[in-house]
Amino acid sequence: MNDKTLSPVEGIKSRSRHLRGTILESLTDEITGAMREDDTQLIKFHGLYQQDDRDLRAERRQQRLEPAWQFMIRARVPAGRCTAAQWLAMDAIAREHANGTLRLTTRQAFQFHGIVKRDLKASIAAINAALLDTLAACGDVNRNVMGTTLANPAAIRPAIDAVCGSLSDHLTPRTRAYREIWLDEEPVVNTAEDLDPIYGETYLPRKFKIGVAVPPDNDIDVFSQDLGYIAIVEDGRLAGFNVTVGGGLGMSHGEFSTFPRAGDAIGFCTPEQALEVAVAVITAQRDHGDRSNRKHARLKYTIETLGLAAFKAEVEARLGWQLSPARPWQFTHNGDRRGWQEEPEGVSHFTVFLASGRVQDRPGRTALAGLRAIAEADVCEFHLTPNQNVVLANIPREARAKVESLLALHGLAETSISPVRSLALACVGLPTCGLAMAESERYLEDFVSQIEVLQARHGLVETPVTLRITGCPNGCARPYLAEIALVGKAPGRYSVYLGAAFDGSRLNAPWAESLSEPEILDALEPLFATYARERLCAEPFGDFVVRTGVVPAITSGPAFADTARALAAARATRPIGDGPAAVILEET
Amino acid sequence: MTVLAELALNQRLTGRHSSKDVRHLEFLFDGYAQLWQPGDGVSFQPQNPPQVVSAMLDALGASGEESLIGPSGALRPLREILLCEVELTQIHRPLLVALHELNHDSRLISLLEDQSGQALAHFLASHQVLDLVHQHRGLLDAQGWLARLRPLGRRTYSLASSPLAHPGELHLLVARVEEDHGRGTRLGAASNRLATLAEGSTLELRLERNANFHLPADDVPLIMIGPGTGVAPFRGYVAERMARGATGRSWLFLGERTQREDFLYQVEWQKALAQGGLSRLSLAFSRDGASKRYVQHRILEQAGDFYAWLEEGAAIHVCGDASRMAKDVHAAILEAIRLGTGKDEDHAREYLQNLQREGRYRRDVY
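*Asks:* Before we go on, may I ask you to explain the overall build of chain A in this structure?
*Replies:* From N to C terminus, chain A includes 18 helices and 22 strands. Dimensions of chain A along its principal axes, counting C-alpha atoms only, are 70 × 65 × 65 Å. Residues counted as buried form 61% of the 588 residues belonging to chain A. Surface summary for chain A: the accessible area is close to 21,600 Å², and the carbon and sulfur share equals 53%. Seen as two clouds, the 63 positive and the 74 negative side-chain charges of chain A have centres 3 Å apart.

Take a look at the structure:
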């Protein structure tokens, strides 16, 4: 790969003096609300994305005003564990500097939207004052480390937290640029002091994601992670982890060299070895990943290029020892537990459902104010879940009544949300995300309601199904691991993917391209009808559509791409105006 | 010279969340480009806002159909006189004097006898004829009021365009006056007439020369200070200099309420900076920070550079509000000179007077 031209971002990284660039100069430039172009890449490593309010774009162009530039700030929260005090600090930032809402991400982090440039520093300082940070929340580094929420048995939770914490700490970039820029620390005299043994001068070729899943829960979608750890519990204690590599969901429409890929288990390690394994995998990706093409730079492509066996050998060479064989595991649960959960000692937990992870005050449902009141009561922890909800965790027996009354007061107590709604995920999309081609978060609740109607018609209301909507194919809401996924192609039009395994172990398959909502519902209706009639006992929808040949079983990333290619070809040869736009593929 | 101009564009420049409605108007007309220069203005005959006329009729207990005599001397329906002939949106000292003579109002006495003039100035700026009619209900009938009101005069706006860069066009920058001093919304006669003018309609415009406020020679460095709508002539200046390929450097000071919503012509200034038509841009947004920042603060912050520009022969042009901005900016310039020369205030004053004599310090304030 050394003979290829490096991608422009590689140049920006290597010239950046360990992620400094001209961020300080960009911040003080009042002539624009934007950052300088190269800095827009570097700020990602600091946890920021430059965005604009796309609803205002056309009108501001006429007003001779630049786009309404604003920033998204992402705060890392390893495994989503957060204290009441930290929650209060995030709540205050949302109200003082952001758009008055908090968003919990699919990676158990906080996101703030709509922060203008001159408020960035105060916001980031406040996040750090709460003992969280934003460094490496985005960018070509290890992102927020995910971990199963309230893993069972409860006795292993401290060990899981410890692994997540040590991975997160150890894989944080060493550069002091972050503290210089945002926290006013003295500049280092010689930036060589920032030398980073893991990331080097140019960091990773692309983003890198780590998650720790504790069966039977696959709430973190371990097979979507570049590096996954599946906890193996023996005799009630944490024996170690199966290691998975090469998961990743981003792809591009119509580019068949890009595809989502589910991770492969390559062996087993002990808890003490977990960090060493991570360093070996990350440095292997650092040295072998494709730095010429950012659409081909994730670990999944490195593994497809080298071959899984060769990649594993490379990792083991770096370790100096061999992984033992992967041990058996079984996932039976996805998503979050609903409502109240009781622990034997009188401790309980409550999952507060948040559509698309958005914490906001609406008439009758004041989630922001309600969670603030509960945090002020200081009787529980706040665990951000991989499905964008928050669990009020470890509520002592004597505080439960107080929490219940606050939940009721703020309209947060309901537990009657349908399974499909509670599992549904959407990315942020319009109006803030620059990549969105269609609505996602703002559309999710409407679309779920339509699906609920369809389910009700066929007696499927209580049947869980994973449904995810993203505004573009980059995969933020993990769409390719959903039994039904809508991926935006154009305003009001989505490509539809079907047939992932409910437990997240198998990708879905491209099924139809560029459908409108009525076309999607018309196409799904007969599937729901036959599913209701012909499903096997407890057979999930994703498995059913594969078994009955509606879509092929996707067993590899390239197989996903092949199906997408065949679908595009079939669509291209279809006579214009000939029936519904849906092209249903026969099993290939 | 008068032209009949067609309004081709009436575009709001402030964002949807702005507290202000500031508009960019583009008029088309035929020929005569050689007759005017950036810095000149146009005047037009305004009309009072129909809402103000209706409120006046209510306050006077009149229907509007009454035939009365206004400043034109002709017998016309009252509604038309109020619409076209008399000042309703601005009041002047003589009107207060006349009211005082009629009823010896104690409040008017204190205003008229105030030595500093500040209370009077504030009263005049925050009141319209309608407020006086309410305050002195029954004192005068409609004809009595008409006899004491000023004729509705022409209003002049600085041109915001360059004949070279925008041939056949006249651009105006209009801040719609819509204020509330606690007695309901008060509209400005001229700004509302322009702001509500529909695209495609025509307006008679008279070119008003402003010989004291034209661009210096192409190679002279130029400092332009134009907060608010005071920026209008400088848009014409910069466009003209760019079209001429002028070599002199230029430094613009702008001020508004917020960066995000009120940065007038933001994208154009960004382009001018990128293309070299503007060398430097200093901004003061009064409502963005904890403390209010105005252009004079930006001058003081950069006093060293400001003085260096003057030593290199720069001319200073100031446009905008006369009541406060011009004084504060004047003081800031004096301070920059004092700091630059290292001498006393008297010397700075002399230095600035010399600039004025040389035509290098010009003001168009109102």
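Having seen the structure, we can now continue with the description.
*Asks:* Got a minute to help me understand the overall build of chain B in this structure?
*Replies:* In terms of regular secondary structure, chain B is built from 15 helices and 15 strands. Buried positions account for 51% of the 366 residues belonging to chain B. Within chain B, contacts between residues at least 6 apart in sequence are counted, and of these 73% link residues at least 24 apart.

*Asks:* Before we go on, may I ask you to explain the sheet that holds strand β13 (residues 280-285) of chain B in this structure?
*Replies:* In a beta sheet, neighbouring strands are held together by backbone hydrogen bonds and run either parallel or antiparallel to one another. Residues and elements named next belong to chain B. The strand order across the open sheet formed by five strands is β13-β12-β11-β14-β15, and the pairing between neighbours is parallel. Each edge of the open sheet is held by one strand with a lone partner, namely β13 and β15 (361-365). On average, each strand axis in the sheet is tilted by 10 degrees relative to the strand beside it, whichever way the strands run. Across five bridges, strand β14 (residues 315-320) lies against β15 in parallel orientation. Following the sheet pairing, V318 is matched in β15 by R363.

*Asks:* How do you make sense of helix α13 (residues 303-311) of chain B when you look at a structure like this?
*Replies:* The periodicity of an α-helix, 3.6 residues per turn, causes residues three or four positions apart to be oriented the same way. All names here are of chain B. Those residues of α13 that fall on the buried side of the exposure criterion are A303, F306, Y307, W309 and L310. Here the buried residues of α13 occupy an arc of 155 degrees about the axis, which is enough to place them on one side. Just past α13, the residue G313 takes up positive phi, approximately 95 degrees.

*Asks:* Even after reading the chapter, I still don't get the sheet that holds strand β6 (residues 146-147) of chain A, so can you show me in this structure?
*Replies:* Residues and elements named next belong to chain A. One open sheet holds the five strands; their spatial order is β6-β7-β8-β9-β10, and the pairing between them is mixed. The outermost strands of the open sheet, each flanked by one partner alone, are β6 and β10 (264-269). Pairing analysis gives five bridges linking strand β9 (residues 237-245) to β10, with the strands arranged antiparallel. Its bridge partner lying in β10, V243 is registered against G267.

*Asks:* Would you explain the interface of chain A and chain B in this entry?
*Replies:* A common measure of how large an interface is: the accessible area buried when the components associate. Counting residues at the interface gives 18 residues for chain A, matched by 26 residues for chain B. Taken over both partners, the interface formed by chain A and chain B buries close to 1,800 Å², and the fraction arising from carbon and sulfur atoms is 42%. The three residues of chain A that bury the most area against chain B are E30, I31 and R64 of chain A, which together make up 43% of that side's buried surface. Linking chain A to chain B there are six salt bridges. Across the pair R298 of chain B and E30 of chain A runs a salt bridge, and its minimum N-O distance is 3.2 Å.

*Asks:* Teacher, can you tell me more about the nonpolar core here?
*Replies:* Within soluble globular proteins, side chains that are nonpolar generally end up buried alongside one another. All names here are of chain A. Ranked by size, the top nonpolar core spans 96 residues in total, and within it W87, F110, F112, Y229, F241, F382 and L392 carry the most contacts. Per-element tally for this core: the top contributor is helix α9 (residues 274-288), with seven residues. When residues of this core are assigned to domains, at least three map to each of domain 1 (141-333) and domain 2 (339-417). Among all residues touching F112, those that are not within four sequence positions of it are F71, M72, I73, A75, M90, I93, A94, A98, L102 and I127. If you look at the next biggest cluster of nonpolar residues, it comprises 58 residues, including L249, F259, V496 and V550.

*Asks:* Is there a simple way to think about the confidence of the model for chain A in this case?
*Replies:* If pLDDT is low for a region, its predicted coordinates should not be looked at in detail. When the pLDDT values of chain A are averaged, the result is 94; 96% of them are 70 or greater. Contacts from residues 576-588 of chain A, a stretch scored under 50 in pLDDT, to residues over four places away or in other chains number 23 contacts.

*Asks:* Is there a simple way to explain the confidence of the model for chain B in this structure?
*Replies:* Mean pLDDT over chain B stands at 93; residues scoring 70 or higher make up 99%. At the level of chain-chain contacts, confidence expressed as ipTM amounts to 0.90, with global pTM at 0.91.

*Asks:* Got a minute to help me understand the pattern of salt bridges in this structure?
*Replies:* Scanning the model with the defined rule gives 67 salt bridges over all chains in all. A salt bridge links R76 of chain A to D133 of chain A; its shortest N-O distance comes to 3.1 Å. Of the two residues, R76 of chain A is situated in the loop between β2 (69-75) and β3 (81-82) and D133 of chain A in the loop between α6 (120-129) and β6; the sequence distance between them amounts to 57 residues. Judged by relative accessible area, which is 6%, R76 of chain A ranks as buried. With a shortest N-O distance of 3.8 Å, R12 of chain B and D21 of chain B are connected by a salt bridge. D21 of chain B sits in the buried class, given a relative accessible area of 10%.

*Asks:* Would you mind going over unusual backbone geometry with me for this structure?
*Replies:* In most cases, non-glycine residues show a negative phi, while peptide bonds are predominantly trans. Residue and element names in this part refer to chain A. In this chain, N152 is followed by P153 through a cis amide linkage whose omega measures 0 degrees. Its place among the elements puts P153 in the loop between β6 and α7 (157-170). Positive phi is not limited to glycine here, since S514 has a value of about 50 degrees. Structurally, S514 can be placed in strand β22 (residues 509-515). For S514, a relative accessible area of 11% translates into the label buried.

*Asks:* Where do I start with the domain arrangement of chain A in this structure?
*Replies:* All names here are of chain A. As far as domains go, chain A holds domain 1 (141-333), domain 2 (339-417) and domain 3 (420-587). Between the C-alpha centres of domain 1 and domain 2 the distance comes to 31 Å. Each partner contributes residues to the interface: domain 1 has seven residues there, and domain 2 has eleven residues. Between domain 1 and domain 2 lies a buried interface of about 580 Å² when both sides are counted; carbon and sulfur atoms form 59% of it.

*Asks:* In this structure, what is going on with the domain arrangement of chain B? I would like to understand it.
*Replies:* What the domain assignment lists for chain B is domain 1 (50-148) and domain 2 (211-365). Once you take the C-alpha centre of each, domain 1 of chain B and domain 2 of chain B turn out to be 39 Å apart.

*Asks:* I keep staring at the packing of α7 of chain A against α9 of chain A and nothing clicks. Help me out?
*Replies:* Between two packed helices, both the angle of their axes relative to each other and the distance between the axes serve to describe the pair. Residue and element names in this part refer to chain A. Relative orientation of the contacting elements α7 and α9 amounts to 35 degrees, with a least axis distance of 10 Å. Crossing of α7 against α9: the hand is right-handed. Note on element contacts: α9 touches α7 through A274, L275, A278 and V279, opposite V163, S166, L167 and H170. Looking at the contact of α7 with α9 residue by residue, the classes come out as six nonpolar, two polar and no charged.

*Asks:* Before we go on, may I ask you to explain the environment of R280 of chain B in this structure?
*Replies:* Residues and elements named next belong to chain B. With respect to the helices, strands and loops of the structure, R280 is situated in strand β13. Residue R280 is classed as partly exposed on the basis of its relative accessible area, which comes to 23%. Sequence separation between R280 and H317 is 37 residues, and the spatial gap between their C-alpha atoms is 15 Å. Those residues within four positions of R280 in sequence are excluded, and the remaining contacts are S250, W251, L252, L273, Q302, D305 and W309. Here D305 takes part through its side chain, which lies 2.7 Å from a polar atom of the side chain of R280.

*Asks:* Whenever I open this one, the packing of α13 of chain B against helix α14 (residues 325-341) of chain B confuses me. Can you help?
*Replies:* Residues and elements named next belong to chain B. Close contact between α13 and α14 brings their axes to 8 Å; oriented N to C, the two are set at 85 degrees. Taken together, the axes of α13 and α14 lie roughly perpendicular to each other. In this structure, α13 uses A303, F306, Y307 and L310 to contact α14, whose residues at the interface are I333, A336, I337, L339, G340 and T341. Across the contact of α13 with α14, the residue classes break down as eight nonpolar, two polar and no charged.

*Asks:* Looking at this structure, how should I read the side chain of H317 of chain B?
*Replies:* Residue and element names in this part refer to chain B. With respect to the element layout, H317 can be found in strand β14. One polar contact links H317 to Y237, side chain to side chain, over a distance of 2.8 Å. Once residues within four sequence positions are removed from consideration, H317 is found in contact with F213, H214, P216, L222, I223, M224, I225, F234, Y237 and R362.

*Asks:* Just checking my understanding: could you explain the packing of aromatic side chains for this structure?
*Replies:* Each aromatic ring pair is characterised by the separation of its centres together with the angle its planes make. This structure, assessed with the given rule, holds 27 aromatic pairs over all chains. Seen in terms of ring centroids, Y443 of chain A and Y494 of chain A are 5.5 Å apart; in terms of plane orientation they differ by 15 degrees. Their pairing is stacked. Taken together, the positions of Y443 of chain A in helix α15 (residues 441-457) and Y494 of chain A in strand β21 (residues 493-498) put the pair 51 residues apart, joining distant regions of the chain. The two residues Y443 of chain A and Y494 of chain A agree in class, both being buried. Summarising the aromatic geometry, the rings of F234 of chain B and Y237 of chain B are spaced 5.4 Å apart at their centres and angled 70 degrees between planes, so their arrangement reads as edge-to-face. In this pair, F234 of chain B and Y237 of chain B both sit in helix α9 (residues 232-244), three residues apart, roughly one turn of the helix. Accessibility classification places F234 of chain B together with Y237 of chain B in one group, the buried group. Connected via pairs of aromatic rings, a cluster forms that spans F528, Y531, F541 and F544 of chain A. Looking at R327 of chain A, its charged tip hangs above the ring of F268 of chain A, at a distance of 3.7 Å from the centre. Above the face of the W251 of chain B ring, R280 of chain B is positioned so that its terminal group lies 4.0 Å from the ring centre.

What counts as what
- Residues numbered from 1 in each chain as written.
- Chains lettered and ligands numbered in written order.
- Predicted model: local features only at pLDDT ≥ 70, side-chain atom pairs only at ≥ 80, totals over all residues.
- Heavy atoms only, no water.
- Helix = DSSP H or I, 4+ residues; strand = E, 2+ residues; numbered from the N terminus.
- Buried < 20%, exposed > 50% of the residue type's maximum accessible area, 1.4 Å probe, protein only.
- Areas by Shrake-Rupley, 256 points an atom, 1.4 Å probe, with all protein chains shown as cover.
- Lys, Arg positive; Asp, Glu negative; His and termini not counted.
- Charge placed at Lys NZ, Arg CZ, Asp CG, Glu CD.
- Contact = heavy atoms within 4.5 Å.
- Pairing = 2+ DSSP bridges.
- Axes fitted to C-alpha atoms, helices over the stretch in contact; angles between N-to-C directions.
- Arc of directions from axis to C-beta.
- Buried area = accessible area lost by both parts, 1.4 Å probe.
- Salt bridge = Lys/Arg side-chain N within 4 Å of Asp/Glu carboxyl O.
- Core = buried A, V, L, I, M, F, W, Y, C linked by side-chain atoms within 4.5 Å.
- Domains from an automatic or database assignment.
- pLDDT = per-residue confidence, 0-100.
- Left-handed = near helix turned anticlockwise from the far one by under 90°.
- Nonpolar A, V, L, I, M, F, W, Y, C, P; charged D, E, K, R; others polar.
- Polar contact = N/O pair within 3.5 Å; in protein donor to acceptor, adjacent residues only side chain to side chain.
- Parallel < 35°, antiparallel > 145°, perpendicular 65-115°, else oblique.
- Phe/Tyr/Trp six-rings, centres within 6.5 Å; stacked < 30°, edge-to-face > 60°.
- Lys NZ or Arg CZ within 6 Å of the ring centre and 35° of its normal.

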